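Take a look at the letters that make up each chain.
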Amino acid sequence: MTGTIGFLPSSRSANEVETLEMGLLANFRIRTKVFVALLPLALMVIVAALYASIEMNRIDARYSDLISKDVKALYNLTIARVLSNRFGWLLYQEVAEPDADRMRVIDADLDGTAAEFYSSVALARAEIPSMAQKIDSAKGLFEQAVSDSRPIRAATLIGNSDKAIKLTRETFDPELRQSRQALSELADELHATVDEQSDELTAKTHRTILITWIVIILGLAASFIIALSIVNVEVVKVVSSFRTRILDVAEGRLDLPIANLDRPNEIGEMSRALQTLQIAAREREMVGWVKAEVATTTERLQSTEDFSAFATILLSRISGALDLLYGAFYLADENRTRFTRVGAFAMDVSNEPREFALGEALVGQAAAERRSLRIVSGADEPLQVSTGVGTVTPACVLFVPVMNQDDVLAVIELASAAPVSERQQALLDALLPTVALNTKILISKLVTRKLLEQTQQQAADLAVAKETAEAATKAKSDFLANMSHEIRTPMNAIIGMTHLALKTDLSPKQADYLTKVKFAAHALLGIINDILDFSKIEAGKLDIEKTDFRLEDALDNLSTIVSQKAQDKNLEFLIAVHHDIPHNLIGDPLRLGQILINLVNNAIKFTERGEVLVTVALEEQLADRVKVRFSVQDSGIGMTPEQSARLFQAFSQADTSTTRKYGGTGLGLSISKRLVEMMEGTIWAESEPGAGSTFYFTAWFGIGSEDKRKRFIPDLAGVRALVVDDNAQAREILTEALRVFALRADSVSSGEDAVREIAAADSADPYRLVLMDWHMPGMDGLQASRIIKRNERLQHIPKIVMVTAFGREEIRTQAEEIGIEGYLLKPVNQSLLYDTLVDLFGVAGMDEHRSRGRKVESATHDATGIRVLLVEDNEMNQQVARELLESAGAIVTVANHGGEAVKILTARDQAPAFDVVFMDLQMPEMDGFTATKLYEAIRVCGNFRSLR
């Protein structure tokens, strides 16, 4: 069913329901209203500013004129008064001066003073022309006094002091006094004029400021009144209206109209936003109602057990929302071609017709077209429709297909007394997917019920099949165990006989044949082991042990097994162990070694030159266990991403060509993956074609008992050591190993650098130990060691330990001839390095932790005098074991099965005549387990002594 949900417009316009007073500014935006409110203030401020500016310019002009003329004139008149007084004082000084020379100097000053007086008076007269007459009068009096002073000055110069004094008192003093008085009156008059004008300008300034403030205050008041009016009319009332409508929306009154919708300003925008909020709230209310109805209907539908109850509940729930005259539910058959009425509302289900074919009538047509059909009654022509129930006159009839992923499961027929509203249509649209899903679930439930009945009938058959499968699994396990023994027995004979044959005198061709047979037998044994291990894993019979072991021992075993292969291909084989890993772990060292051996063998197989590096690091540590990450890195041929994706699949290699060129079953990595997963870890590879590969895997181990070994040698703490190796990884590993023992370790990459470094450090801080790699380009380790040992300039000749990955006896012989003190095979482990340092420097070590590491010389097998009881049923294996033991000096007695071995061991009451018993597990008559248990029981009851 398709349709659009919407809301009909209200019958009354919002502006007709509620209106606000709208003045001249009603349609203006708020910023415009604010501008209008501030306009009076802005205008008044502008007017006040203009007025104040004009008046202040005038006042400033008056002040400038006053200062430039009247004040300067007053200043010059004051100077003239001072000069007049100075002229009289100089005249008296000349009269009283007895020295003629000094007298002439004073007389000259009198002329200068008079000249300055005339200059000041002239400046004053020019600045205030209005007082020129008075200034001239004062000037005339001074000129008269100057004129009268000349006889006095002449009498003084000729030495007639009495006459000079007399003339001064009679003529000069009165005239000078009158001149001073005139100047004083003139200055006082001018000063009064300046004060008057200044007071007038000050008053005018105050008046201008007052008028300016009055204008600004009037503008502010006008703006405030206008703004208050705008806020009250255009904001407060509108906000109050908004508040009322928001409360209406919050309280669920969603049909009330919103005013001011047609305003083109913020008020209109807010009104329209509020209308949008009202519409959204109305939609949310409708959605909430729809969800609640759908949830209730779904809950009730899920409790039904058949479609009759399903249809009754569905139509009853729909009738609560629609004015339903009747309703019917038509269920499709398995082929979706016929639709049968299985439930109804307000009608009888059995009424005819109760079934329609696809495309038949409106029910079938709705299913065929996969869409809802709606028939609406018109006002002029009432609807008369035959729908399989009879002839009715509804306002609207709906035929709604119930579809699940385009599959029509049913059709619902609904006849309502009134047209379907948008709210009711939204409910139908939301309910339809839920009805389809529950219809599908009920159909599946009914089908499942039928299948369950069939399943119950087959339960007995399944129980028998289970027992058969368990018996087959047990038979497979027994077959694997027996097959392993049956395969390994002849393989042991082949390998053993070949080994014995190679120890006899043979021609070169015979030796070559037998050597190739031995290699082929070992390769075949590896393939057999892989197949048997894979079969055990598939059968679920492979278990992971939990036993204490030393990680170093597991890595030593790895080195022992794969070093020869690396040596044969001239590859550098290195092992780097981070020192924060506990030394004693709890886990399965055998399976750990199997994973590492497989990965390292693959790395060596696919690497023609360079190195293979095994790295062991601590990834995570808990209170009682650790997660260790292992990596095997090579510099071999690498792989593409497509090849890497197939690595860990059984019977698969990178590509078919590698099997032919390099050999292998393709099971090793698959077995390794299963073993890693059994150790709660993961395994993955990173590789690039031509750039080598790195295989990673993680595994969880328990933490074993604490290792009490010393991590450094106190007597050697701080000793300076030098590592010489052209391989950067090897240098780093050896340097870090020495630093663990508290030695100060440096490294260089060539023999030449080593010679120079040792010579340079000899005088200040000499090296006491050198770990010298034998195989280096240019100057090898033997040549560099010979130069160091025979350098007579060295005051401190270091001890040299030759390190090599190739255990060649001729190299060791040459090293001893040079005087090299020690010899180590790569990869070097911590225990072997510890023992070497202790032996080399003669310091106290911990004997109970002496290394069990690999020695350079081949171990000799000496079993002279040891009494051995060999219990083996296969004659070839008897022969191989007997000759191997006897070649080592042992005294061998053979028993053909367990029963015979028990008889031999319990034949007499004294101590057993054997030091050790080699017991085969699977033998006829009595196997190894039974024989061992029987012997132990006899020994305990009969008080026999145990084997030594």
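This text follows the structure it describes.
A brief report on the enclosed structure follows. (Residues numbered from 1 in each chain as written. Predicted model: local features only at pLDDT ≥ 70, side-chain atom pairs only at ≥ 80, totals over all residues. Heavy atoms only, no water.)

Residues Phe35, Leu39, Leu43, Ile46 and Leu50 make up a contiguous nonpolar surface patch of roughly 490 Å² in combined accessible area. Relative to the assigned elements, Phe35 resides in helix 2 (residues 30-96). The class of Phe35 is exposed, set by a relative accessible area of 54%. (Patch = residues over 30% accessible without salt bridge, like charges linked within 9 Å, V, L, I, M, F, W, Y side chains within 5 Å. Areas by Shrake-Rupley, 256 points an atom, 1.4 Å probe, with all protein chains shown as cover. Salt bridge = Lys/Arg side-chain N within 4 Å of Asp/Glu carboxyl O. Helix = DSSP H or I, 4+ residues; strand = E, 2+ residues; numbered from the N terminus. Buried < 20%, exposed > 50% of the residue type's maximum accessible area, 1.4 Å probe, protein only.)

Glancing now at helix 7 (residues 307-321). With 15 residues, helix 7 extends 21 Å between its outermost C-alpha atoms, agreeing within 8% with the 21 Å of an ideal straight helix rising 1.5 Å per residue. Within helix 7, the full set of buried residues consists of Phe307, Phe310, Ala311, Ile313, Leu314, Leu315, Ile318, Ser319 and Ala321. N-cap assignment for helix 7: the residue whose side-chain oxygen lies 3.2 Å from the backbone N of Ser308 is Asp306. (Expected span 1.5 Å × (residues − 1). Polar contact = N/O pair within 3.5 Å; in protein donor to acceptor, adjacent residues only side chain to side chain.)

With 18 residues, helix 11 (residues 551-568) extends 26 Å from end C-alpha to end C-alpha; this agrees with the ideal 26 Å at 1.5 Å per step. Where helix 11 bends most, the angle comes to about 40 degrees, and this point is Val562. Of all the residues in helix 11, the buried ones are Leu551, Glu552, Ala554, Leu555, Asp556, Leu558, Ser559, Val562, Ser563 and Ala566. (Bend = angle between axes of the 7 residues up to and from the residue.)

For the coordinates displayed, the defined rule picks out 14 aromatic pairs. On the basis of an interplanar angle of 40 degrees and a centroid distance of 6.1 Å, the ring pair of Phe87 and Phe172 is categorised as tilted. Residue Phe87 is located in helix 2, and its partner Phe172 is located in helix 5 (residues 161-250); the two are separated by 85 residues in the primary sequence. An identical accessibility class is assigned to Phe87 and Phe172; each is buried. Both rings, one in Phe741 and one in Tyr834, keep their centres 5.9 Å apart while their planes meet at 45 degrees; by these two values the pair is tilted. One end of the pair, Phe741, is in the loop between helix 16 (728-740) and strand 17 (744-748); the other, Tyr834, is in helix 20 (residues 830-841), with 93 residues separating them in the sequence. Cation over ring: Arg423 sits above Trp289, and NZ or CZ is 4.4 Å from the ring centre. (Phe/Tyr/Trp six-rings, centres within 6.5 Å; stacked < 30°, edge-to-face > 60°. Lys NZ or Arg CZ within 6 Å of the ring centre and 35° of its normal.)

This part covers the packing of helix 11 against helix 12 (residues 589-605). Each pair of packed helices gets described by two things: the angle between the helix axes and the distance between those axes. Where helix 11 contacts helix 12, the two axes come as close as 10 Å, and the packing angle between them is 30 degrees. With respect to helix 12, the element helix 11 is oriented roughly parallel. Like other packed secondary-structure pairs, helix 11 and helix 12 cross with a definite hand, here right-handed. Of the residues in helix 12, those touching helix 11 at Leu551, Leu555, Asn557, Leu558, Ile561, Val562, Lys565 and Ala566 are Leu592, Leu596, Ile597, Val600, Asn601 and Ile604. When the residues that make up the contact of helix 11 with helix 12 are grouped by side-chain class, the tally is eleven nonpolar, two polar and one charged. (Axes fitted to C-alpha atoms, helices over the stretch in contact; angles between N-to-C directions. Parallel < 35°, antiparallel > 145°, perpendicular 65-115°, else oblique. Left-handed = near helix turned anticlockwise from the far one by under 90°. Contact = heavy atoms within 4.5 Å. Nonpolar A, V, L, I, M, F, W, Y, C, P; charged D, E, K, R; others polar.)

What follows is about the pattern of salt bridges. On inspection of all chains with the given rule, the structure shows 28 salt bridges. Residue Lys826 pairs with Glu572 through a salt bridge whose shortest N-O separation is 2.3 Å. In this pair, Lys826 is assigned in the loop between strand 20 (822-825) and helix 20 and Glu572 in strand 10 (residues 572-577), connecting sequence segments 254 residues apart. Here Asp765 makes a salt bridge to Arg744, at a shortest N to O gap of 2.8 Å. Of the two residues, Asp765 is situated in the loop between helix 17 (751-761) and strand 18 (769-773) and Arg744 in strand 17; the sequence distance between them amounts to 21 residues. Accessibility expressed as a relative area gives 26% for Asp765, which makes it partly exposed. Overall, the relative accessible area of 39% leaves Arg744 in the partly exposed class. Look at the salt bridges and you will find they share partners, linking Glu572, Asp725, Asp773 and Lys826 into a network.

Here Ala417 is to be found in the loop between strand 8 (407-416) and helix 9 (422-502). Ala417 sits in the partly exposed class, given a relative accessible area of 46%. Each C-alpha atom, one on Ala417 and one on Leu322, is 8.3 Å from the other, the two residues being 95 residues apart in sequence. If we skip the residues at most four places from it in the chain, Ala417 touches Asp323, Leu325 and Ala395.

The parallel open sheet is built from five strands, whose spatial order is 17-16-18-19-20. Strands with a single pairing partner mark the edges of an open sheet, and in this sheet they are strand 17 and strand 20. Sheet twist, expressed as the mean angle between neighbouring strand axes with direction ignored, is 20 degrees. With five bridges connecting them, strand 16 (residues 720-724) and strand 17 associate as parallel partners. (Pairing = 2+ DSSP bridges.)

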